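Chain by chain, the residues run as shown.
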Amino acid sequence: MEKQRLLEECQAKASQCKRCVLWETRKNTVFGKGNPEARIVFVGEAPGYNEDIKGVPFCGKAGDVLDELFSSVNFKREDTYITNIIKCRPPNNRDPLEDEIKACIPYFERQLEIIKPAVICCLGRHSLRYFANKFSLKEKGSISVLHGRVMEAGEGLFPSMKIVALYHPAVAVYDPGKISILKKDFQVLQEI
Ligand code: URA
Ligand code: SF4
């Protein structure tokens with residue numbers, strides 16, 4: 001329960017946050033949701049339209065794809081913890097700016113510090129870029145090269161953590177044919 005309490009404390013701060021301009025247009029801060037004791041954390045990019053309204057990560061179409069991927073490997077969403085690199089929706093779902101990521105990342109790092117997961121899954125290029133920079137990953141390349149790969153965090157905040165690069169579920173919203181690649185990549189989660 002301690003983890004739950006610490007997360008709630010951090011969430012309360014984020015809900016009042018004005019560290020970047022996105023506070024002006026958000027309806028809700030989307031802090032994250034799931035099991036504070038989770039061994040696996042999924043991190044997307046930023047809240048979209050539905051997430052902004054409900055305050056819950058991955059609750060729109062990309063969330064439906066994510067649920068399909070979870071069931072393909074017999075994961076329950078409630079056993080995981082899901083969040084995003086930035087906590088407020090960028091207007092018109094534009095890409096988050098470097099300054100916004102920099103302003104927001106302490107919330108995510110605090111979430112990791114509290115949860116201490118064994119595995120982090122980057123959903124898409126923005127979260128992968130953050131980890132590539134943070135941990136100086138040996139593996140170089142974009143998400144289209146690294147998707148499905150399990151990497152070691154090495155030196156850094158959480159040395160024994162594994163980092164898995166995965167395509168963003170929205171990829172299969174725009175191109176349903178891609179779901180088979182996403183499902184194949186998710187299989188590695190069963191192995192680790
Ligand atoms: N896309 C994301 O990256 N995160 C969400 O929470 C929803 C859609
Ligand atoms: Fe604060 Fe992050 Fe929201 Fe910006 S995106 S206002 S840093 S919580």
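Here the structure is a predicted model, which means the values were calculated and not measured.

**Student:** Just checking my understanding: could you explain the sheet that holds strand β6 (residues 162–166) for this structure?
**Tutor:** Note on sheets: strands pair through backbone hydrogen bonds, and any given pair is parallel or antiparallel. Taken in spatial order, the six strands of this open sheet run β1-β3-β2-β4-β6-β5, and their pairing is mixed. Two strands in the sheet have a free side with no partner beyond their single neighbour: β1 (33–34) and β5 (150–152). Bridge analysis of β1 against strand β3 (residues 81–84) gives two bridges, and the strand direction is antiparallel. Considered in β3, the bridge of Lys33 is made with Ile82. Packing against the sheet, helix α8 (residues 179–191) makes contact with β2 (40–44), β4 (119–123), β5 and β6, and its axis sits at approximately 165° to β6.

**Student:** Explanation requested: the pairing of β3 in the structure shown.
**Tutor:** Each regular strand shows side chains that alternate between the opposite faces of the sheet. Residues Tyr81 and Thr83 of β3 are buried on one face, and the alternating residues Ile82 and Asn84, pointing to the opposite face, are buried as well. As judged from the four bridges shared by β2 and β3, these two strands associate in the parallel manner. In the sheet register, Val41 faces β3, and the bridge partner there is Tyr81.

**Student:** Please clarify how the environment of Ile163 should be interpreted in this entry.
**Tutor:** Tracing the chain through its elements places Ile163 in strand β6. Judged by its relative accessible area of 0%, Ile163 is buried. Remark: the alpha-carbon pair of Ile163 and Lys13, spanning 150 residues in sequence, is separated by 27 Å. Excluding residues that lie within four positions of it along the chain, Ile163 makes contacts with Ile120, Cys122, Phe131, Phe135, Leu137, Arg149, Val150, Met151 and Ala153.

**Student:** Looking at this model, I keep getting lost on helix α1 (residues 2–15). Mind explaining?
**Tutor:** Since there are 3.6 residues in each turn of an α-helix, residues three or four apart along the chain are aligned in direction. Given a rise of 1.5 Å per residue, 14 residues ought to cover 20 Å, and the 20 Å separating the end C-alpha atoms of α1 matches this to within 8%. Buried-residue contacts for α1 involve β3 and α4 (98–115).

**Student:** In this structure, what is going on with the site of ligand 1? I would like to understand it.
**Tutor:** Every residue lining ligand 1 is accounted for by Gly44, Glu45, Ala46, Glu51, Pro57, Phe58, Asn84 and His168. Asn84 places a polar side-chain atom, nitrogen or oxygen, 2.8 Å from a nitrogen atom of ligand 1. A distance of 2.7 Å separates an oxygen atom of ligand 1 from a polar side-chain atom of His168. In the complex, the protein chains occlude 91% of the 240 Å² of accessible area that ligand 1 would expose alone. Considering only residue class, the shell around ligand 1 consists of three nonpolar, three polar and two charged.

**Student:** How should the packing of aromatic side chains be read in this particular structure?
**Tutor:** Remark: the centre distance and the inter-plane angle together describe each pair of aromatic rings, the angle taken between the planes. On inspection of all chains with the given rule, the structure shows eight aromatic pairs. Ring geometry for Phe42 versus Phe70: centroids 5.0 Å apart, planes at 70°, classification edge-to-face. Taken together, the residues Phe42 in strand β2 and Phe70 in helix α3 (residues 61–72) connect sequence positions 28 residues apart. In this structure Phe70 comes out as buried when scored by relative accessible area, which is 2%. Look at Tyr130 and Phe131: their rings are 4.9 Å apart centre to centre, the planes differ by 75°, and that puts the pair in the edge-to-face class. The same class applies to Tyr130 and to Phe131, which are both buried. Its guanidinium or amino end placed over the ring of Trp23, Lys18 lies 4.3 Å from that ring's centre, counting from NZ or CZ. The ring centre of Phe31 lies 5.9 Å from the NZ or CZ of Lys87, which sits over that ring.

Conventions and cut-offs
- Residues numbered from 1 in each chain as written.
- Chains lettered and ligands numbered in written order.
- Predicted model: local features only at pLDDT ≥ 70, side-chain atom pairs only at ≥ 80, totals over all residues.
- Heavy atoms only, no water.
- Pairing = 2+ DSSP bridges.
- Helix = DSSP H or I, 4+ residues; strand = E, 2+ residues; numbered from the N terminus.
- Contact = heavy atoms within 4.5 Å.
- Axes fitted to C-alpha atoms, helices over the stretch in contact; angles between N-to-C directions.
- Buried < 20%, exposed > 50% of the residue type's maximum accessible area, 1.4 Å probe, protein only.
- Expected span 1.5 Å × (residues − 1).
- Near = heavy atom within 4 Å.
- Polar contact = N/O pair within 3.5 Å; in protein donor to acceptor, adjacent residues only side chain to side chain.
- Areas by Shrake-Rupley, 256 points an atom, 1.4 Å probe, with all protein chains shown as cover.
- Nonpolar A, V, L, I, M, F, W, Y, C, P; charged D, E, K, R; others polar.
- Phe/Tyr/Trp six-rings, centres within 6.5 Å; stacked < 30°, edge-to-face > 60°.
- Lys NZ or Arg CZ within 6 Å of the ring centre and 35° of its normal.

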